[in-house]
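Chain residues, written in single-letter form:
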Amino acid sequence: MRRAAPSRATFPACPEPQSALCRSLPLSRTAEPGQQLPGLCTGARQPSAPQLALTGGLSGTAPLPQRPASPGSAGVSAAAGIPAKMSALRATRILQTIAGHGWRSHSSKPAQSAHVGKPGAGFSFELTDEQKEFQATARKFALEEIIPVAAQYDRTGEYPLPLIKRAWELGLINSHIPESCGGLGLGSFEACLITEELAYGCTGVQTAIEANSLGQMPVIIAGNEQQQKKYLGRMTEEPMMCAYCVTEPGAGSDVAGIKTKAEKKGDEYIINGQKMWITNGGKANWYFLLARTNPDPNVPASKAFTGFIVEADSPGIQVGRKEINMGQRCSDTRGIVFEDVRVPKENVLIAEGAGFKIAMGAFDKTRPPVAAGAVGLAKRALDEATKYALERKTFGKPIVEHQAVSFLLAEMAMKVELARMAYQRAAWEVDVGRRNTYYASIAKAFAGDIANQVATDAVQIFGGNGFNTEYPVEKLMRDAKIYQIYEGTAQIQRMIIAREHVGKFKA
């Protein structure tokens with residue numbers, strides 16, 4: 001007789017009050033506003049602002065008046081501390097949402113003096129109160145709103161627009177957008193905390209959300225003030241998506257093999273070519289597009305390509321059908337054809353020939369969140385397998401009491417914890433202003449691998465039930481595979497790691 005499937009809707013929250021890395025270790029304490037305390041120190045260099053990761057300091061916030069919950073809204077009304085520098089529009093919208101649902105959210109920016117940066121100060125795994133609250137908000141959203149509908153979205157492949165709108169209202173999307181453009185201006189570390197929790201709910205939903213960060217990142221790191229306000233600003237005014245158009249049918253890992261061309265004519269560029277496997281391709285309001293502007297095949301990639309911002313409704317753009325993928329099925333993935341698409345010169349990022357460096361630089365910022373997503377999936381698989389092992393009985397006792405199963409769970413737990421540390425280190429390096437290519441590739445490669453391993457082991461613990469769609473782990477196994485493919489395959493990451501590692505000895 002088949003056992004009843006554990007209910008997704010009632011699956012309990014992780015028993016840990018916060019990330020496993022953040023358990024109460026006596027390594028740091030919370031600072032009063034303006035007080036100096038050492039945070040995570042990996043060397044003598046003083047980190048540059050903003051210092052957003054693993055510090056014990058609190059930022060000074062300017063409280064706004066409490067706004068009562070609107071009639072019919074769920075939850076208990078609560079006051080919320082909002083960053084004083086946040087734009088009035090953004091602050092009002094988030095405050096209304098938080099007040100209506102009893103969830104609080106604070107500024108992510110610690111006091112500038114919170115990290116002393118003394119050599120040998122040691123590591124602190126304690127999150128700031130603001131980081132804990134972003135994490136808790138994302139966790140609550142995943143457990144209460146994503147998990148109950150994730151299986152349905154997986155079956156239908158429908159784009160999860162209601163969930164995306166809700167995430168936007170809660171400030172869980174577009175977290176990288178600077179405050180100057182109306183965004184929250186969060187660091188990579190906090191974005192990763194949010195991403196892990198969303199991925200715990202469903203990586204298809206999380207990928208649709210995270211694709212915005214990839215599309216935005218070239219504009220964030222290379223856009224001028226006018227470009228940022230125009231294209232990032234609009235995304236803070238209403239829920240909308242963007243996309244990163246680089247991959248082509250014949251150029252995935254080999255980015256330098258891109259065939260899409262842009263020819264300058266007067267004050268415009270005429271773009272012709274085809275892109276493939278574009279996440280949010282059919283839902284985007286605008287694209288970041290990489291195209292060859294120098295036809296000479298002998299010109300190095302670092303000078304041959306240009307990055308453009310392209311309006312998605314431009315004449316000549318043809319959006320292909322939605323691809324039906326192995327996993328993450330509610331994410332929108334399509335091919336896009338550009339035929340004589342006219343783009344004004346004002347939409348060139350930095351200058352002609354700078355595109356390749358911009359596109360590659362974006363990956364250093366977005367690979368830590370991708371790794372965080374893989375960790376979220378792996379943690380979900382571990383939790384589901386553990387819960388099942390405590391309930392399922394064989395030979396007169398719960399299977400968790402069999403050493404074969406308990407050792408398997410132990411291996412899964414080890415992998416989750418280590419992968420989390422990897423993405424947090426990579427994100428921290430970004431936020432203190434260091435080049436993180438080495439750590440980003442380690443995090444992405446390792447987390448992608450362990451997501452597949454842990455999901456596979458979860459199916460094994462479920463046995464025959466794990467192979468059935470009535471149970472959650474088969475979806476996790478299908479969803480996990482893409483983490484070894486997109487944003488740089490597992491093999492490309494190893495090439496990067498080897499290059500960076502050997503380069504240290506040649507320097």
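Residues numbered from 1 in each chain as written. Predicted model: local features only at pLDDT ≥ 70, side-chain atom pairs only at ≥ 80, totals over all residues. Heavy atoms only, no water.

Student: An account of the overall build of the protein is requested, with residue identities and associated values reported.
Tutor: Looking only at helices and strands, the protein features twelve helices and nine strands. By the burial criterion, 59% of the 507 residues in the protein qualify as buried. The long-range share in the protein, meaning contacts at least 24 apart out of those at least 6 apart in sequence, stands at 78%. When the accessible surface of the protein is summed, it comes to about 21200 Å², and 55% of that surface belongs to carbon and sulfur atoms. (Helix = DSSP H or I, 4+ residues; strand = E, 2+ residues; numbered from the N terminus. Buried < 20%, exposed > 50% of the residue type's maximum accessible area, 1.4 Å probe, protein only. Contact = heavy atoms within 4.5 Å. Areas by Shrake-Rupley, 256 points an atom, 1.4 Å probe, with all protein chains shown as cover.)

Student: Go over the pattern of salt bridges, please, and point to the residues and values.
Tutor: A complete count under the given rule lists 24 salt bridges for this structure. The partner of Lys 345 in a salt bridge is Asp 267, with the nearest N and O atoms 3.5 Å apart. Taken as a pair, Lys 345 in the loop between strand 7 (333–344) and helix 8 (355–391) and Asp 267 in the loop between strand 2 (261–265) and strand 3 (268–279) lie far apart in primary sequence, 78 residues in all. The class for Lys 345 is partly exposed, based on a relative accessible area of 39%. Residue Glu 268 pairs with Arg 342 through a salt bridge whose shortest N-O separation is 2.9 Å. In this pair, Glu 268 sits in strand 3 while Arg 342 sits in strand 7, placing the two residues 74 residues apart along the sequence. Look at the salt bridges and you will find they share partners, linking Glu 145, Arg 166 and Glu 169 into a network. (Salt bridge = Lys/Arg side-chain N within 4 Å of Asp/Glu carboxyl O.)

Student: An account of the nonpolar core is needed here, citing residue identities and associated values.
Tutor: Judged by nonpolar contacts, the single largest core of 42 residues is most densely connected at Leu 377, Leu 409, Met 412, Tyr 423 and Ile 461. Those elements giving two or more residues to this core turn out to be helix 4 (188–201), helix 8, helix 9 (403–431), helix 10 (437–462) and helix 11 (473–480). It is helix 8 that provides the largest number of residues to this core, a total of twelve residues. With residues near it in sequence (within four places) discarded, Leu 377 still touches Ala 199, Thr 203, Ala 451, Ala 455, Leu 476, Asp 479, Ala 480 and Tyr 483. (Core = buried A, V, L, I, M, F, W, Y, C linked by side-chain atoms within 4.5 Å.)

Student: Account for the packing of aromatic side chains, with residues named and values stated.
Tutor: Scanning all chains against the criterion turns up eleven aromatic pairs. Note on Tyr 244 and Phe 363: the rings are 5.5 Å apart at their centroids and 55° apart in plane angle, and the pair reads as tilted. Of this pair, Tyr 244 sits in strand 1 (residues 241–245) while Phe 363 sits in helix 8, and the two are 119 residues apart along the sequence. Per residue, the accessibility class of Tyr 244 equals that of Phe 363, and both read buried. Taken together, a centroid distance of 5.6 Å and an interplanar angle of 90° make the contact between Tyr 483 and Tyr 486 edge-to-face. Both residues of the pair, Tyr 483 and Tyr 486, count as buried. Taken together, the aromatic side chains of Tyr 244, Phe 288 and Phe 363 make up a single cluster linked through ring pairs. In this structure, Lys 504 packs its charged tip against the face of Tyr 438, placed 3.7 Å from the ring centre. (Phe/Tyr/Trp six-rings, centres within 6.5 Å; stacked < 30°, edge-to-face > 60°. Lys NZ or Arg CZ within 6 Å of the ring centre and 35° of its normal.)

Student: Describe in detail the environment of Asp 340, supporting the description with residues and values.
Tutor: Relative to the assigned elements, Asp 340 resides in strand 7. The exposure class of Asp 340 is partly exposed, given its relative accessible area of 47%. Distance in space between the C-alpha atoms of Asp 340 and Ser 314 is 10.0 Å, their sequence separation being 26 residues. Look past the residues within four positions of Asp 340 in its chain and what remains in contact with it is Ile 270, Ile 271, Asn 272 and Pro 315.

Student: Hey, could you go over the environment of Lys 275 for me, with residue numbers and the actual values?
Tutor: By secondary structure assignment, the location of Lys 275 is in strand 3. What Lys 275 contacts, discounting residues up to four positions off in sequence, is Cys 245, Val 246, Thr 247, Glu 248, Pro 249, Ile 258, Thr 260, Leu 289, Leu 290, Gly 335, Ile 336 and Phe 338. A polar contact is formed between the side chain of Lys 275 and the side chain of Glu 248, at a distance of 2.9 Å. (Polar contact = N/O pair within 3.5 Å; in protein donor to acceptor, adjacent residues only side chain to side chain.)

Student: Got a sec to walk through the confidence of the model for the protein? Specific residues and values, please.
Tutor: A residue-level look at the protein finds 76% of positions with pLDDT of 70 or above and a mean pLDDT of 82. Counting contacts from residues 1–89, a segment whose pLDDT is below 50, to residues more than four positions away or on other chains yields 218 contacts. (pLDDT = per-residue confidence, 0-100.)

Student: Provide a residue-level description of helix 4, including the pertinent values.
Tutor: In this model helix 4 runs 20 Å from its N-terminal to its C-terminal C-alpha over 14 residues, within 8% of the 20 Å that 1.5 Å per residue would give. Most of helix 4 is tucked away: 14 of the 14 residues are buried. (Expected span 1.5 Å × (residues − 1).)

Student: How would you summarise the pairing of strand 2 if you had to cite specific residues and measurements?
Tutor: Two strands pair when backbone bridges link them, and strand 2 and strand 3 are joined in this way by five bridges, in the antiparallel orientation. Bridge pairing in strand 3 places Lys 264 opposite Tyr 269. (Pairing = 2+ DSSP bridges.)

Student: Can you tell me about the packing of helix 8 against helix 10, naming the residues and giving the values?
Tutor: Viewed as axis vectors pointing N to C, helix 8 and helix 10 meet at an angle of 20°, and their least axial separation amounts to 8 Å. With respect to their mutual orientation, helix 8 and helix 10 come out roughly parallel. Crossing angle aside, the handedness with which helix 8 passes helix 10 is left-handed. Looking at the contact of helix 8 with helix 10, its residues break down into 22 nonpolar, three polar and four charged. (Axes fitted to C-alpha atoms, helices over the stretch in contact; angles between N-to-C directions. Parallel < 35°, antiparallel > 145°, perpendicular 65-115°, else oblique. Left-handed = near helix turned anticlockwise from the far one by under 90°. Nonpolar A, V, L, I, M, F, W, Y, C, P; charged D, E, K, R; others polar.)

Student: Can you break down the packing of helix 10 against helix 11 residue by residue, with the values?
Tutor: Taken N-terminus to C-terminus, the directions of helix 10 and helix 11 make an angle of 160°; their axes are 9 Å apart at the nearest point. Regarding the angle of helix 10 to helix 11, the classification is roughly antiparallel. Taken as a pair, helix 10 and helix 11 cross one another with a handedness that is left-handed. Between helix 10, through Ala 451, Asn 452, Ala 455, Thr 456, Ala 458, Val 459 and Phe 462, and helix 11, the contact on the second element is made entirely by Val 473, Glu 474, Leu 476, Met 477 and Ala 480. Here the residues of the contact of helix 10 with helix 11 are counted per class, giving nine nonpolar, two polar and one charged.

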